[in-house]
Amino acid sequence: MSYQIDSKYLIDTLHELVEVDSPVGYYADIHAYLREAFAKMGYEMFCDNKATAYVRVEGADSSKTVCVGAHLDTIGLIVRGFNDDGTLRVRMLGGINYHAIEGVTCRIHCRGGEVVMGQVICNKHSVHVFEDCRSAERDENTMSVSVIADVACPADARALGITEGAIISIDPQFEAFENGYIVSRHIDDKAAVAALLDVLRWLKETGQKPAFDTLFAFPMYEEIGHGGAFVPEGVSEYVAVDITLLGPDYDSNEHHVGVIASDAKGPYDWDLTNQLIRCAKEHCDADKWDTQVCFHYSTDANAASHLDHDLRHGAFGMACLNSHGRERCHVDAIVETEKLARAYVMGEGRA
Ligand SMILES: [Zn+2]
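The paragraphs below set out a description of the structure included in this document. Note that the structure is a prediction, hence the values are computed from the model and not measured.

### What about the pairing of strand S11 (residues 181-184)?
Of the strand pairs in this sheet, strand S10 (residues 175-176) and S11 are connected by two bridges, and their pairing is antiparallel. Paired with Ala-176 across the bridge in S11 is Ile-182. Across four bridges, S11 lies against strand S18 (residues 327-330) in antiparallel orientation. Following the sheet pairing, Ser-184 is matched in S18 by Glu-327.

### Brief notes about the packing of helix H2 (residues 28-41) against helix H4 (residues 187-206)
Contact geometry of H2 with H4 gives a least axis separation of 10 Å together with a crossing angle of 20 degrees. On the basis of the axis angle, H2 is roughly parallel to H4. Regarding H2 and H4, the two cross each other, and that crossing is right-handed. Every residue of H4 that contacts H2 at Ile-30, Leu-34, Phe-38 and Met-41 is listed here: Lys-190, Leu-197, Leu-200, Arg-201 and Lys-204. Partitioning the contact of H2 with H4 into residue classes produces six nonpolar, no polar and three charged.

### Thoughts on the coordination of the zinc ion
For the zinc ion, the protein coordination sphere consists of His-71 (NE2), Asp-188 (OD), Asp-242 (OD) and Asp-242 (OD), at 1.9 to 2.8 Å. Counting along the primary sequence, the residues that act as donors to the zinc ion give the motif H-x116-D-x53-D. Pair noted here: Asp-188 is in helix H4 and Asp-242 is in the loop between strand S13 (235-241) and strand S14 (257-263), with a separation of 54 residues, a long-range link. Taking relative accessible area as the criterion, Asp-188 reaches 5% and is therefore assigned buried.

### Overview of the sheet that holds S10
Sheet strands pair via backbone hydrogen bonds, and the direction of the pair is either parallel or antiparallel. Within the open sheet, the three strands sit side by side as S10-S11-S18. Their pairing is antiparallel. The strands lining the two open edges of the sheet, one partner per strand, are S10 and S18. Against the sheet, helix H7 (residues 331-345) touches S11 and S18, its axis set at about 65 degrees to S18.

### Considering unusual backbone geometry
Omega for the peptide link from Asp-188 to Asp-189 comes to 10 degrees, which places this bond in the cis form. Positionally, Asp-189 belongs in helix H4. Even without a glycine there, the phi angle at Gln-173 is positive, about 50 degrees. If you check the backbone angles, Asn-322 has positive phi at about 65 degrees while not being a glycine. Residue position: Asn-322 is located in the loop between strand S17 (312-318) and S18. Overall, Asn-322 belongs to the partly exposed group, its relative accessible area being 46%.

Thresholds, definitions, all that
- Residues numbered from 1 in each chain as written.
- Predicted model: local features only at pLDDT ≥ 70, side-chain atom pairs only at ≥ 80, totals over all residues.
- Heavy atoms only, no water.
- Pairing = 2+ DSSP bridges.
- Helix = DSSP H or I, 4+ residues; strand = E, 2+ residues; numbered from the N terminus.
- Axes fitted to C-alpha atoms, helices over the stretch in contact; angles between N-to-C directions.
- Parallel < 35°, antiparallel > 145°, perpendicular 65-115°, else oblique.
- Left-handed = near helix turned anticlockwise from the far one by under 90°.
- Contact = heavy atoms within 4.5 Å.
- Nonpolar A, V, L, I, M, F, W, Y, C, P; charged D, E, K, R; others polar.
- Donors = N, O, S within 2.8 Å, 3.2 Å for Na, K, Ca; no water.
- Buried < 20%, exposed > 50% of the residue type's maximum accessible area, 1.4 Å probe, protein only.

What follows is the structure in structure tokens.
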């Protein structure tokens, strides 16, 4: 069977998703967006106490439950204090590369509900002012968030509602090009969320049932390593859909879906990974898939396995250039990722 995927839907959905702020731990807006999107499709979303959103779909065979997940959280910042000039001292949420966010605008989500615009700046911010502007380290002791307002002291910032613990989302700077390339922050992991939303839409529109009872899971804490710490009872397989990598160790390009054989925490389940490889061989374009060992990286599925859940784990996803910066992929990679997700959900490739 060949799966026909609507690439325009994927691009449009990815664009919508990256514009909804969801830095690690800040879930109100993305939950509201998803609840409405699922309701429109005819699904009911529910959440566990750790803010993972789920949709449950009954399978042809209810003797087991599988889980396929894509994380909602993105890297971001949290306010830890104030400098004397009213700029905000921050800590990173997830693996921020400060070089990649200098000058970028951001939204400060205050505890009282206010949203204040800011800009990430280096304390040595201007080549015309600081001799060491170019050579200064960019890290969380040398970078701040400057509120885009008349703020000259901590009291001015506090008057806008900003306190310690306000969570900051980085502007996605989304651009989609005619030739199919997409440049945006938060392709990790919203491209995978878009692919799973389209799998759910496809199941509903075609009236098909997955092979087994299937939980679609959308966790909020992947970027800090514990999105998969809780897994609902009865789940015996957890497949994470997340970015794969490009670079010297990766025989990949931006059109690819990658099956992750191992990551920083160790190998994924042998049989399940082989099943995913069989699905890729059968359903993905022959020139657009690969297998990877992602040794600087891990996923919610491996977190779930490491935290003693009795389950088989696997992972795959779209290749992504410039990860945790202004990322880039080709829509082909999301299309191939969705093909693989459909094949897995339909129980194909089982030995
Ligand atoms: Zn990710």
